[in-house]
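Residue-level listing of the chains:
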Amino acid sequence: MKKLVLTGAAGRLGSYLREPLSKMCDELVTTDIAEAPATLLANETYVQADIADFDAVFNMLEGADMVVHFGAIVDEAPFETLLGPNFIGSYNIWESARRHGLRRVVYASSIHAVGMHKKTDFIGIDAPHRPDTFYGLAKCFSEDLGSMYWDKCGLESVCMRILSCAQVTNPRAVGTWLSYDDLVQLVTRAIDTPVTGFSIVYGVSDNDRAPVDNAKARHLGYRPKDNAEEHAKEIFAQYGPLDPHDTNNACHGGPFAGIELGNSAMSALNLNKDDTGKA
Ligand SMILES: NC(=O)c1ccc[n+]([C@@H]2O[C@H](COP(=O)([O-])OP(=O)(O)OC[C@H]3O[C@@H](n4cnc5c(N)ncnc54)[C@H](O)[C@@H]3O)[C@@H](O)[C@H]2O)c1
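Basis of the calculations
- Residues numbered from 1 in each chain as written.
- Predicted model: local features only at pLDDT ≥ 70, side-chain atom pairs only at ≥ 80, totals over all residues.
- Heavy atoms only, no water.
- Helix = DSSP H or I, 4+ residues; strand = E, 2+ residues; numbered from the N terminus.
- Rg over C-alpha atoms; globule rule 2.2 N^0.38 Å.
- Buried < 20%, exposed > 50% of the residue type's maximum accessible area, 1.4 Å probe, protein only.
- Contact = heavy atoms within 4.5 Å.
- Areas by Shrake-Rupley, 256 points an atom, 1.4 Å probe, with all protein chains shown as cover.
- Lys, Arg positive; Asp, Glu negative; His and termini not counted.
- Charge placed at Lys NZ, Arg CZ, Asp CG, Glu CD.
- Axes fitted to C-alpha atoms, helices over the stretch in contact; angles between N-to-C directions.
- Parallel < 35°, antiparallel > 145°, perpendicular 65-115°, else oblique.
- Left-handed = near helix turned anticlockwise from the far one by under 90°.
- Near = heavy atom within 4 Å.
- Polar contact = N/O pair within 3.5 Å; in protein donor to acceptor, adjacent residues only side chain to side chain.
- Nonpolar A, V, L, I, M, F, W, Y, C, P; charged D, E, K, R; others polar.
- Arc of directions from axis to C-beta.
- Pairing = 2+ DSSP bridges.
- Expected span 1.5 Å × (residues − 1).

S.K.: Tell me about the overall build of the chain, and please be specific about residues and values.
M.R.: A tally of helices and strands in the chain yields 9 helices and 9 strands. Taken against the 2.2 N^0.38 rule, which gives 19 Å for 279 residues, the C-alpha radius of gyration of the chain at 18 Å falls within 12% of a compact globule. Counting only C-alpha atoms, the chain reaches 55 × 35 × 35 Å along its principal axes. Here the chain holds 279 residues, and 54% of them are scored as buried. A separation of at least 24 residues holds for 69% of the contacts in the chain among residues at least 6 apart in sequence. Of the roughly 12,200 Å² that the chain leaves accessible, carbon and sulfur atoms contribute 53%. Averaged over its 25 positive side-chain charges, the chain has a centre that lies 5 Å from the centre of its 37 negative ones.

Shown next as structure tokens:
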């Protein structure tokens, strides 16, 4: 592959993807609204830009084969706050990809696109959209962009509904954990699978208690290797019994399902600040 573009490159997951992605292309263009990382890889060019700015996105995607789209505000927030980065930003990516004739958009979607489904429902990739927040709604909108641009324009998309790519620090994460190694495998498969059309896949490790079903995404060849089960005993003991009637516990979206629209849900996730994604 000649040119690959990675958005959200200064973020937690983006930072982890720069090196493996740089090995898959001649030229890696990384971008974020934040400042450039201290050091760049040999074949990496960094562009500081707002993805809500169409011209900036359009210029960056010129000559690219694929774009890996991870840039977004990553929390629930008022609709007006998310509108630019999470809705318009996604439109800018898909529309620029179409105009420049890119082959594929690889997109960091989220479990929050289907977060109001009950955890006791072992949902597959064809579960209907059931967003838990404006944040989840933006993921639904972006997945639908992917579907529409495939049906109407032949532009492929792989939408990876990531569950939680962070350390296992709470009972939900025993099922939802995605390790960084499995994230890299997932993104790599989303790029190197020859034909994907419009595909959805859950981004989750091989956890005994993974609450979602990737059976219909086998064509991507994603075979996760890590398992959070070794933490189950300790974490369940630490938290004690959970109320099954509490939306936070009952729905796939966890705290996003329980939070009021427009309010931050990330604080409830008990994430470590310098998270390494290792279990
Ligand atoms: N971490 C997870 O567990 C998880 C779960 C589901 C989905 N995701 C998705 O994965 C992607 C990356 O998440 P992360 O955990 O690395 O979050 P992060 O906040 O560390 O990274 C997101 C990056 O997007 C950038 N960004 C925000 N607004 C922007 C704008 N207007 N223009 C350009 N860049 C902008 C931020 O500066 C940040 O560097 C996001 O799309 C997120 O929704 C993550």
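What follows picks up the thread again.
S.K.: Could you give an account of the packing of helix α2 (residues 54-61) against helix α3 (residues 79-100), naming the residues involved and the relevant values?
M.R.: Close contact between α2 and α3 brings their axes to 9 Å; oriented N to C, the two are set at 40°. It follows from the interaxial angle that α2 and α3 lie oblique. Crossing of α2 over α3 shows right-handed handedness. Judged by residue contacts, F54, V57, F58 and L61 of α2 engage N92, I93, E95, S96, A97, R99 and H100 from α3.

S.K.: Before we move on, can you summarise the site of the ligand with the specific residues and values?
M.R.: Taken together, 24 residues form the shell around the ligand, and within it R12, L13, D32, Y135 and C165 come nearest. In this structure, an oxygen atom belonging to the ligand sits 2.8 Å away from a main-chain N or O atom of L13. In this structure, K139 approaches the ligand through a side-chain N or O atom, which is 2.8 Å from an oxygen atom. Here the ligand has 820 Å² of accessible area as a free molecule, and 86% of this is covered by the chains. Where the shell around the ligand is concerned, the elements lending two or more residues are α1 (12-22), β5 (104-110) and α4 (134-153). Residues that form the shell around the ligand fall into these classes: 14 nonpolar, 6 polar and 4 charged.

S.K.: Requested: an account of α1, with residues and values cited.
M.R.: Within an α-helix, residues lying three or four positions from one another point in the same direction, as the helix has 3.6 residues per turn. Every buried residue of α1 is listed here: L13, G14, L17, R18, L21 and S22. Along the axis of α1, the buried positions cluster into a sector of 145°, meaning they face one direction only. Contacts from the buried residues of α1 go to β1 (3-7), β2 (27-32), β3 (44-48), β4 (66-69), β7 (156-162) and α6 (180-192).

S.K.: Give me the sheet that holds β1: which residues, what numbers.
M.R.: Spatially, the 7 strands line up as an open sheet ordered β3-β2-β1-β4-β5-β7-β8, and their pairing is parallel. Pairing within the sheet leaves two strands with one partner each, and these edge strands are β3 and β8 (198-203). Strand-to-strand twist of the sheet, defined as the mean angle between neighbouring strand axes without regard to direction, takes the value 20°. As judged from the 7 bridges shared by β5 and β7, these two strands associate in the parallel manner. Residue pairing in the sheet places Y107 in a bridge with C159 of β7. Helix-sheet contacts for α2 involve β1, β2, β3 and β4, and the interaxial angle to β1 is about 150°.

S.K.: So what's going on with the environment of C159? Residues and values would help.
M.R.: Residue position: C159 is located in strand β7. Residue class for C159 comes out buried when judged on its relative accessible area of 0%. As a C-alpha pair, C159 and A127 span 32 residues in sequence and 14 Å in three-dimensional space. Residues in contact with C159, not counting those within four places in the same chain, are Y107, S109, E143, F198, S199, I200 and V201.

S.K.: So what's going on with α6? Which residues, and what values?
M.R.: Helix length check: α6 (13 residues) gives 18 Å between terminal C-alpha atoms against 18 Å at 1.5 Å per residue, within 8%. Most of α6 is tucked away, with 10 of its 13 residues classed as buried. For α6, the full list of buried residues reads Y180, D182, L183, V184, Q185, L186, V187, T188, A190 and I191. Where α6 is buried, its residues contact β1, α1, β4, β5, β7 and β8.

Without other data, these values stay purely geometric and don't point to any function.
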